[in-house]
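# Overview (structure and organization)
Given next are the chains, with one letter for each unit.
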Amino acid sequence: MLFRQVQQRLLKVQVIPVRTATKRASGGNKATNNTAGRRLGPKKGEGQFVQAGQIIWRQRGTKWYPGENAGVGRDHTIYAREPGFVRYYRDPFHAKRRFIGVALAPQETLPTPHFAPRRRRFGYKPIDNEDVADFEKSYLTKKETERLLEREAQLEDRLNKRATLQEEYQKALAELVPELSEEELDLQAVRFIEIRKYMNGGMAFEVSREIVDSHNRADLAVEVKTGRLSAEEADKGQKEIDVLNKKVDDKAMVAMVDAKFVVVKFATPEQRAEMRSELIKQIAELTKGHEVTPGEVIEKVELLLKKSVFSTGDRVTLRRKHLRRPLPIPISPENRKEFEKLAKKGEGEIRKVWLSQQQTMHEFYIPTGASMIFN
Amino acid sequence: MKNSIVRAAGLQIRNQRIRDAVLNGVPKTGPPTLRSRWARSRYVSPEGINEAFSLAKEIVDKEAANHKSAAGEVEKELKSATGEEQRAELAKNLEHHLVKSEFHNPEVRFNFMVKDSVDLNEPIYRYLSRTEWAAKEMLILMQRLEQHHVIPDTMPTLDPRAQVDVQFVTPTMSSFEPGSFLSNEVCERRPRISIQEFEPIAKDSLYSVVIVNPDVPDLENDSFKTLLHYAAVNIRISNDAPEVDFAQATELADYLPPHPEKNAPAQRFCVWVFRQPARVEGAEISREGFDIRQFAGANNLEAVGAHMWRVRYDLTTDFIRAKYGLGPGSVYFRARTAKPEEALLHVRHRQKWEKFVETPSK
């Protein structure tokens, strides 16, 4: 307390030396009142026609604000943004402001009512010369050109990939549905590749198939609507396609095997669920009764897990549930020597671990492939 | 733990193990919501959380019971009330008490957090969903509608009450922000639309969806005209069934894909969703020069939601135009000036254009 009082007193006593101005600084103010006028004010009157870009009002500060179809320049000059007729007006939404705007038609008043659609000028002119139009159409921005070039560079690779996929699908379909002709196989392979595209986006097989078929149906309707196909022809074609699709859909489907979409034998969702539960039972049977699952059992289970009825998520959960991996063993003075030997052989390692619940460090022997659970 | 208040079964956490952990504290094996055994073994609860939780729950349950009984009284009043205004007021009051009675229910909060078994028929879930939507998506929507002048170019204004989601059927099936630029190829087919109402509505209430494009060049008047791209009425929507089933609706105009022209400004596609007071029968419509305000007024439609996307001429437009028989479309001069031909002869472009401009077409 005493210290603070002393400190405050010391601060009061302190004197800051100030040097006052005894000599006048340069420059005078006698010549400022006779500069030339800046020619401010109106350049166009109410109702006068202006072209886009013409100056309507020059000012210092915003005595007037830019209204509809008008802009404001760096020095607050109001200019026209569209060709039209100058209007000086007030807007009830900004009661303290005065506006200069440009009406597009001679009878038009400003402002446009607040909730009415804007009155807009299109302003572009069509190119009549066909050659110029074609040339202009082929003009691409730098970004578009880059994207096009990139796409073209990838095109060959993509076509090759698609061709191999088509061949693969055609072969699988020929095996599953032997009665199909070459042409039909081709059509169905294309359909299945399209279905695969949607499955790749994360949709189920049935949903993807429905999307692809509905799109094909819609495309046929467009052909009729544009007059490229008669209604009877389209009807007949659609019926043929339906029959063919039905024939294939009873026997083949797309499913994921080893992170790859392939054509496999068809099974309904119920059948697939049944197969799945059957396989899970088998896995449970195989892994039952083991404290630590032996290597050969793991191999067998992994083989079962490869089946297409399992999703990637299923595989992870089933592995977690059924495969028992060895656990880390806490090291004590009695077993230390034994585990050090094993670690030297390379069968595991000894590591210090922080046990958060006990709030202590402890040493563990961790066999290779062990679950990282420390208790 | 005491359970002084009876909760609806639909508001409970479905997974029994998680439910026990939420209500009675984390078990010795660790929180069941954590996926890996490793993470569960590492979890430590904050000290005294169980005691604090049970004390808090007593207070919360007491408050909930008060609101429940208040809601019961309001419901009784609502049954005997006759005036329309009075009924609306009472219904609002009832919704308030029903929301408040579950507002601090930890099970409801958990379900809503993990978006599991969220039944939009329950007032509390509707309230929480609306709050979440109003904090972000609704603000973005209104900003885009105003910035791109969808209001007032199409409808005068919007009081947003329903969340409208538009998805085009592509392999990724992703929603997009209002105002996004989409490729012409992507918007080739009619999008999937969902209308999520947050106010309590009757089951299978009637809605209309209209998609308009107010940016079609009108060369005669040197302005723009509106083209109707899609219109459907009598769409059935419930609080818990927001997906539009177009097969059940009455289609007034089928979907016309966007087909903008080279060098014309970007076109806005405005999706408007209306509530219908009654079935709309025999509404007459013309695609060209469609007046959405007149259509809404004539059929007593009330705008509750909107969405929009934008397109401009791109590499896929010509394909769409050829497929749907929409003609080649005009090409406009790039410069928006009184004499755009002169702009072509600008020094930077002269070499490219000279051969065309100096020799007019045959």
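Conventions we followed
- Residues numbered from 1 in each chain as written.
- Chains lettered and ligands numbered in written order.
- Predicted model: local features only at pLDDT ≥ 70, side-chain atom pairs only at ≥ 80, totals over all residues.
- Heavy atoms only, no water.
- UniProt positions renumbered as here; feature names shortened; annotations may be inferred.
- Axes fitted to C-alpha atoms, helices over the stretch in contact; angles between N-to-C directions.
- Helix = DSSP H or I, 4+ residues; strand = E, 2+ residues; numbered from the N terminus.
- Parallel < 35°, antiparallel > 145°, perpendicular 65-115°, else oblique.
- Left-handed = near helix turned anticlockwise from the far one by under 90°.
- Contact = heavy atoms within 4.5 Å.
- Nonpolar A, V, L, I, M, F, W, Y, C, P; charged D, E, K, R; others polar.
- Pairing = 2+ DSSP bridges.
- Domains from an automatic or database assignment.
- Phe/Tyr/Trp six-rings, centres within 6.5 Å; stacked < 30°, edge-to-face > 60°.
- Buried < 20%, exposed > 50% of the residue type's maximum accessible area, 1.4 Å probe, protein only.

Per an unreviewed UniProt entry, chain B goes by Large ribosomal subunit protein mL38 and derives from Wickerhamiella sorbophila. Its UniProt record gives chain B a comment under Sequence similarities (unreviewed entry), which states: "Belongs to the phosphatidylethanolamine-binding protein family. Mitochondrion-specific ribosomal protein mL38 subfamily."

As recorded in an unreviewed UniProt entry, chain A goes by Large ribosomal subunit protein bL27m and comes from Wickerhamiella sorbophila. Listed under Subcellular location (unreviewed entry) in UniProt, the entry text for chain A is "Mitochondrion". Under the heading Sequence similarities (unreviewed entry), UniProt records this for chain A: "Belongs to the bacterial ribosomal protein bL27 family."

### Examining the packing of helix α4 (residues 182–200) of chain A against helix α5 (residues 205–225) of chain A
Residues and elements named next belong to chain A. As a packed pair, α4 and α5 sit with axes 8 Å apart at the nearest point and diverge in direction by 125°. The angle between the axes of α4 and α5 places the two elements in the oblique class. Between α4 and α5 lies a crossing whose hand is right-handed. Between α4, through R191, E194, I195, Y198 and M199, and α5, the contact on the second element is made entirely by F205, S208, R209, I211, V212, D213 and H215. Considered class by class, the residues forming the contact of α4 with α5 number 6 nonpolar, 2 polar and 4 charged.

### Focus on the sheet that holds strand β13 (residues 360–367) of chain A
Two modes of strand pairing occur in sheets, parallel and antiparallel, and in both the strands are linked by backbone hydrogen bonds. Residues and elements named next belong to chain A. Strands sit in the order β11-β13-β12 across an open sheet of 3 strands; the sheet is antiparallel. Every other strand in the sheet has two partners, leaving β11 (329–330) and β12 (348–355) as the edge strands with one partner each. Inspection of the sheet shows β11 paired to β13 by 2 bridges, in the antiparallel sense. Paired with I329 across the two strands is Y365, which belongs to β13. The strands touched by helix α10 (residues 336–345) are β11, β12 and β13; relative to β12, the strand with the most contacts, the crossing angle is about 120°.

### A few points about the domain arrangement of chain A
Interface extent is often summarised as the accessible area lost during association of the parts. By the assigned domains, chain A splits into domain 1 (41–103), domain 2 (147–254), domain 3 (267–322) and domain 4 (329–367). Domain 3 of chain A and domain 4 of chain A are separated by 32 Å when their C-alpha centres are compared.

### Details of the UniProt feature "domain: Large ribosomal subunit protein bL27m C-terminal" (unreviewed entry) in chain A
In the numbering used here, UniProt assigns the "domain: Large ribosomal subunit protein bL27m C-terminal" (unreviewed entry) feature to residues 129–341 of chain A. End C-alpha to end C-alpha, residues 129–341 of chain A measures 90 Å, and it is 70% helix and 7% strand.

### Some remarks on the UniProt feature "coiled-coil region" (unreviewed entry) in chain A
Look at the UniProt record and you will see "coiled-coil region" (unreviewed entry) annotated at residues 142–175 of chain A. Counting secondary structure, residues 142–175 of chain A comes out at 100% helix and 0% strand; the distance between its end C-alpha atoms is 49 Å.

### A closer look at the packing of aromatic side chains
According to the stated counting rule, one finds 18 aromatic pairs over all chains in the structure shown. Plain terms: the ring middles of F103 of chain B and Y127 of chain B are 5.9 Å apart, the flat faces sit at 70° to each other, and that makes the pair edge-to-face. Highlighted residues: F103 of chain B in the loop between α4 (84–102) and α5 (106–114) and Y127 of chain B in helix α6 (residues 123–135), separated in sequence by 24 residues. With a centroid separation of 5.7 Å and an interplanar angle of 85°, the aromatic rings of Y230 of chain B and F246 of chain B are classed as edge-to-face. Here Y230 of chain B, found in strand β5 (residues 223–237), pairs with F246 of chain B, found in the loop between β5 and β6 (250–253); they are 16 residues apart in sequence, far enough to count as distant. Judged by relative accessible area, F246 of chain B falls into the buried class, the value being 12%. Here the aromatic residues F122 and Y124 of chain A together with F224 and Y332 of chain B are joined through ring pairs into a cluster of three or more.

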